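Architecture and fold: a report
Single-letter residue listing:
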Amino acid sequence: MSYVATYTDENGQTREVSVTEEDSVEALNNDYKEIAQKYDPKVVTIQRVQTQAGEALHLKVTVKAPTHYLTSNLDMKPKACGFMTADIICYPGYPLKSVAASYAPDHYLASPNVFRSGHACIDTWIPLTSSLPKVVDKLVHDMIHDPNVTRYDSTANPYMKQWHEDGVAAGRFPTIPPKRLYASAVRPLPPRRAASKPPAATPPLPHRTH
Amino acid sequence: MPKVVYNVLKLSEYRPLFHDLRVLVIGTGAVGTHLMEKFAKMGLSPDALDFDHFTLENAAKHSCLVRTPEDAGRNKAECASDRAQVLLDDGCSSNGIDGELCKLGPEAFSDYAYVVAAVDNFDAKVLLNELIRQLPEERRPILIMDGTYDEMAQSVILDNTDFCLRCLIDESWMKDSSISTSCAGPQVRQIDGVDEIVRTSNLASCIAADLSAEQLRASVIGHDGVMNRRLTYTSYPHLELSAAHPMRKRNCPGCAIHPPAKIEWLHGNVMDVTLKEAMDQIATVLGTTDFELSVHRLNYRKVVHGVFIVEDVCHSCGRPIKVMKHDGRVFLDDLLCGECISQGKHAHHIDDFSRGEHLHAFEPSSREDIQQMSLYDLGYPLGAHIEVIQRNGALDFLDAEKITKTVFAFDGDHLKMHEIHKL
């Protein structure tokens, strides 16, 4: 079976694209590898967890940084905490099919872009433009209340809008510099390879023949 | 009404070749009604599928198979099939189905020798191509697509070897594929920047049906050079009948669709078998209950519908409501609670509530009320290819080597097409 979607390129031309199941798994694999290397593991941890029926990949993304949470759909008073965890689920048919992201309903992120049920509002899924790394990036930034990713024009929890704007105006948000989320750009050099055999001694020059 | 008894001595000597050959006409409008009449008189067994109803304003386009004004308001497929009954040869049959193409799966077409797409929108044609391409070659019917443009008529016959139906559709036509179309292009053209509906007459529709019937006739008899050809009739002042061989489109997404490598058969049909009964049969075939059925994926109008909505919220007041439908069969107005319906409120897209419980797969441990629903009510189309996934302890799809997928289908679905009247 294959998955089909309509792709609109940068020139506004639309065309139908299809991916096979193998393509879908390869895309998941590549994108998982990308996010696994992208973030500083001291601040952002990404863990694969057991998938349930209908799921292709289930990740738990945890940010260990100052943040705020709510405890129920009636709670409107953000409380401070030191970490936040989101569940991100990809379905068969990724990347043509959208991913879902949510927080625990009794410990969900206080953010204008998180529904009061704990589901995260991710932007409209555009096949071959939206991707798992982009969703993860938006969520980890949202978890430190980075206003650069906050959509104030489309609020899932309008009661958090003013609170969030006040935090930004007071300089409290983002709670840590966003660049601290990422792993160092300079990767350690690979270990030096052991010499396979000692260098041979320089052979003597040949004798003059005349 | 007594049936017609034809004098076979006055008819084609090849007539026995057509006897009881099953044909499905999708769309029984201007072209489709002419086709139903011709196919019945040729000695075929034509079934019809259409969700629309006859209206008096379109009476000038239909075949005389449809009676005016008595048949106004009747479902087109049921009516055309009903009116064709008296024209059928002994032993032939015709069934009209009031339904949509998106409620059919690949195996629904496997009992037909020919399928004629006389529909007027490209979304339906793209979906039909996808369904036919998913059928293994030995059960794949021959496709005929016809239509009109002004007073021009066209018909293409294809067996999916040289090109597919999707190859014939220009990508630019797909921008607004819901508009009325024919096989020659959108039935809307711009004159001085203003969209104007292309007008066509009963004559063109009748000739399009004639071309299709002629292609079918020649293909049954076995003439050379019939298959994979497009016939085009051009009216006066450039009167002409021409034949062409369309080409395969490069990177055609339709040609990329292939049937499953293997299909396992279940007994019964999608309409009658419950999820529990299907699970039991699958467990017997696989020898385990550790599996899941993927919810049916419907790719229609550029959207992939692939979830079963158990609960959602009222799209007026926001209260939780029980839905129990596949998302491909849910309309916005279905997402209203009883109170809002009684108050005459309208549903609207709301942003401040998230969705409710949506399933992407069914399991043997799914809740009892879901287990007792028929597969059709769970969103599987008649003739579905049902994907069953065994995870075998895999953490997720990245453990690809552990996961096995099997495609199941029902052995009674193709016959159900000749019995059901409503989908």
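Further up the page is the structure itself.
Structure report, in brief. This is a predicted model, so every value here is computed, not measured. (Residues numbered from 1 in each chain as written. Chains lettered and ligands numbered in written order. Predicted model: local features only at pLDDT ≥ 70, side-chain atom pairs only at ≥ 80, totals over all residues. Heavy atoms only, no water.)

A tally of regular secondary structure across chain B gives 9 helices and 22 strands. Compactness check: chain B gives a C-alpha radius of gyration of 23 Å against a globular reference of 22 Å for 423 residues, within 12% of the reference. Reported as C-alpha extents along the three principal axes, the dimensions of chain B are approximately 65 × 50 × 50 Å. Considering only residue pairs separated by 6 or more positions, chain B has 68% of its internal contacts joining residues 24 or more positions apart. Surface accessibility of chain B: about 18700 Å² in total, with carbon and sulfur atoms responsible for 51%. For chain B, the distance from the average site of its 43 positive side-chain charges to the average site of its 63 negative ones is 3 Å. (Helix = DSSP H or I, 4+ residues; strand = E, 2+ residues; numbered from the N terminus. Rg over C-alpha atoms; globule rule 2.2 N^0.38 Å. Contact = heavy atoms within 4.5 Å. Areas by Shrake-Rupley, 256 points an atom, 1.4 Å probe, with all protein chains shown as cover. Lys, Arg positive; Asp, Glu negative; His and termini not counted. Charge placed at Lys NZ, Arg CZ, Asp CG, Glu CD.)

The geometry of a pair of packed helices is captured by two quantities: the angle between their axes and the separation between those axes. Residue and element names in this part refer to chain A. In the contact formed by helix α1 (residues 21-38) and helix α2 (residues 132-143), the axes pass within 9 Å of each other and the chain directions differ by 30°. When the interaxial angle is binned, α1 and α2 end up roughly parallel. The segment α1 lies against α2, with Asp-31, Glu-34, Ile-35 and Lys-38 engaging Leu-132, Pro-133, Val-136 and Asp-137. (Axes fitted to C-alpha atoms, helices over the stretch in contact; angles between N-to-C directions. Parallel < 35°, antiparallel > 145°, perpendicular 65-115°, else oblique.)

Before going further, it helps to spend a moment on the sheet that holds strand β17 (residues 308-313) of chain B. Residue and element names in this part refer to chain B. Taken in spatial order, the 3 strands of this open sheet run β18-β17-β19, and their pairing is antiparallel. Each edge of the open sheet carries a strand with a single partner, namely β18 (320-326) and β19 (358-359). With 2 bridges connecting them, β17 and β19 associate as antiparallel partners. The residue of β19 that forms the bridge with Phe-308 is Leu-359. (Pairing = 2+ DSSP bridges.)

A separate point is the interface of chain A and chain B. Taken together, the contacts link 35 residues of chain A with 34 residues of chain B. Summed over both sides, the interface of chain A with chain B buries roughly 3000 Å², with 54% coming from carbon and sulfur. Joining chain A to chain B, the criterion identifies 3 salt bridges. A salt bridge links Arg48(A) to Asp399(B), with the shortest nitrogen-to-oxygen separation between them at 3.2 Å. At the boundary of chain A and chain B, one finds 10 residue pairs in polar contact (both at pLDDT 80 or more). Residue assignment for the side of chain A that touches chain B shows that the elements contributing at least two residues are β1 (2-8), β2 (14-20) and α1 of chain A. Its residues assigned to classes, the side of chain A that touches chain B comprises 15 nonpolar, 13 polar and 7 charged. (Buried area = accessible area lost by both parts, 1.4 Å probe. Salt bridge = Lys/Arg side-chain N within 4 Å of Asp/Glu carboxyl O. Polar contact = N/O pair within 3.5 Å; in protein donor to acceptor, adjacent residues only side chain to side chain. Nonpolar A, V, L, I, M, F, W, Y, C, P; charged D, E, K, R; others polar.)

What follows is about unusual backbone geometry. Here the amide bond leading from Tyr94(A) into Pro95(A) is cis, since omega sits at 10°, within 30 degrees of zero. With respect to the helices, strands and loops of the structure, Pro95(A) is situated in the loop between β7 (84-90) and β8 (100-103). Backbone torsion omega between Tyr236(B) and Pro237(B) reads 15°, so that peptide bond is classified as cis. With respect to the helices, strands and loops of the structure, Pro237(B) is situated in the loop between β11 (229-234) and β12 (240-244). In this structure, His145(A) is a non-glycine residue whose phi angle is positive, near 60°. Residues other than glycine seldom take positive phi values, yet Asn251(B) does so here, at roughly 55°. Its location among the elements puts Asn251(B) in the loop between β12 and β13 (263-266). On the accessibility criterion, Asn251(B) (70% relative accessible area) is exposed. (Buried < 20%, exposed > 50% of the residue type's maximum accessible area, 1.4 Å probe, protein only.)

Bringing the pairing of β17(B) into the picture now. Residue and element names in this part refer to chain B. Of all 6 residues in β17, 5 are buried; the element is thus mostly enclosed. Where β17 lies against β18, 5 bridges are found, and the strand directions are antiparallel. Paired with Ile-309 across the bridge in β18 is Lys-325. The loop that links β17 with its antiparallel partner β18 comprises 6 residues; one of these, Gly-318, has a positive phi angle of about 90°.

Before going further, it helps to spend a moment on the nonpolar core. Core analysis: the biggest nonpolar cluster contains 67 residues, and Phe109(B), Leu128(B), Leu293(B), Phe308(B) and Phe362(B) have the highest contact counts within it. Take this core: its biggest share by element is 7 residues, from helix α4 (residues 122-133) of chain B. Those residues in contact with Phe109(B) that sit more than four places away from it in its chain are Leu24(B), Ile26(B), Leu101(B), Leu104(B), Val115(B), Leu128(B), Leu131(B), Ile132(B), Leu135(B), Arg139(B) and Pro141(B). With 50 residues, the next largest nonpolar core counts Val25(A), Leu70(A), Leu139(A) and Leu398(B) among its residues. (Core = buried A, V, L, I, M, F, W, Y, C linked by side-chain atoms within 4.5 Å.)

None of this, on its own, says anything about what the molecule does.
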